[in-house]
Amino acid sequence: MFVLALAFAGTAAAKDEAAAWSDARQMVVVTTPGWNVDHGTLRTYARTAGGWKEVGQPAPVTIGKAGAGWGLGLNAPRHDGPVKREGDLRSPAGVFEIGEAFGYAAKADTAMPYRALSATDYCVDVSDSPQYNRIVDAEVVGEKVVEGSTEPMRRDIHVNGDQRYRQGFVIEHNRQQRAKGGSCIFGHLWKSPVDATTGCTAMAPSLMRRLLAWLRPEQHPVFVLLPEQAYEALQHAWHLPVLGGAAR
């Protein structure tokens, strides 16, 4: 009876979690073959009266060099697998809000809030900074605030012409700025189909353009990243789409 009670409590807690993204009408889903795998498949879904319906075709992506680890998002913290930490080269797993889009150009073909990056924009990955895990303009907050940060957003200017942040969007991991919880997690362009990331999700430019044109802030889009086994275990309780299946 005690075991059954625990199982029931776990199911109830999972259903309560799903309420945190119950208003989402768009979902970007990335699944990987396992916790320690650096690549996966991205699918997009729209919620209809009959449930989640897949939009477009599945596409390959790369994630963190060390794979994935449970992150700090809309779901409750979990420890039944690796846990994301600053600098561990893992992409955060779980359910996350999708934040602002960004890029090198002054404008982008997207309805999402858009940040045209400047040479003085940095994402602060220094854990004890009050601006930890925030994109800030050094001209506004002061050079001392970004001192020691390794994340200049205009990588084309600061990192030998790098184009990975030419287009991208924020994955809202660790919004509470928990120290060493992990920072600066984005969807961005890949260097190549075989190059993994330091914790982001990277993709082909054509896929990024499709996502940015499709996403709508009023649809409360969310980003889901899970290893396949974890996805299968949580799909029903978390009200996630059935991969490759009928609407749900």
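This text goes with the structure placed above it.
So, here is what we can say about the structure in this document. (Residues numbered from 1 in each chain as written. Predicted model: local features only at pLDDT ≥ 70, side-chain atom pairs only at ≥ 80, totals over all residues. Heavy atoms only, no water.)

1. Brief notes about the overall build of the chain
Of regular secondary structure, the chain possesses 5 helices and 13 strands. By the compact-globule yardstick of 18 Å for 248 residues, the chain fits well, its C-alpha radius of gyration being 18 Å. Counting only C-alpha atoms and orienting by the principal axes, one finds that the chain spans roughly 60 × 35 × 35 Å. In the chain, which comprises 248 residues, the proportion classed as buried is 48%. Within the chain, contacts between residues at least 6 apart in sequence are counted, and of these 62% link residues at least 24 apart. As displayed, the chain has an accessible area near 11,600 Å², and 53% of this comes from carbon and sulfur atoms. Taken as two groups, the 26 positive and 26 negative side-chain charges of the chain have centres that lie 4 Å from each other. (Helix = DSSP H or I, 4+ residues; strand = E, 2+ residues; numbered from the N terminus. Rg over C-alpha atoms; globule rule 2.2 N^0.38 Å. Buried < 20%, exposed > 50% of the residue type's maximum accessible area, 1.4 Å probe, protein only. Contact = heavy atoms within 4.5 Å. Areas by Shrake-Rupley, 256 points an atom, 1.4 Å probe, with all protein chains shown as cover. Lys, Arg positive; Asp, Glu negative; His and termini not counted. Charge placed at Lys NZ, Arg CZ, Asp CG, Glu CD.)

2. Focus on the pattern of salt bridges
By the definition in use, this model includes 10 salt bridges. With a closest N to O distance of 2.6 Å, glutamate 97 and arginine 175 form a salt bridge. Placement of glutamate 97 in strand 5 (residues 90-103) and of arginine 175 in the loop between strand 10 (167-171) and strand 11 (186-189) is noted, with a sequence separation of 78 residues between them. Judged by relative accessible area, glutamate 97 falls into the partly exposed class, the value being 34%. Under the relative-accessibility criterion, arginine 175 is labelled partly exposed at 45%. (Salt bridge = Lys/Arg side-chain N within 4 Å of Asp/Glu carboxyl O.)

3. Concerning the sheet that holds strand 7 (residues 121-123)
Strand order in the open sheet formed by 3 strands is 8-7-9, with antiparallel pairing between adjacent strands. Across the chains shown, the open sheet's two edge strands, defined by having one partner strand only, are strand 8 (135-137) and strand 9 (151-152). In this sheet, strand 9 lies alongside strand 7 in antiparallel orientation, the contact comprising 2 bridges. Bridge pairing links tyrosine 122 to proline 152 in strand 9. (Pairing = 2+ DSSP bridges.)

4. Let's talk about unusual backbone geometry
Trans is the common state for peptide bonds, and a negative phi is the common state for residues other than glycine. At glutamine 177, a residue that is not glycine, the phi angle is positive and equals roughly 60°. In this fold, glutamine 177 is placed in the loop between strand 10 and strand 11. Unusually for a residue other than glycine, cysteine 184 sits at a positive phi of about 55°. Relative to the elements of secondary structure, cysteine 184 occurs in the loop between strand 10 and strand 11.

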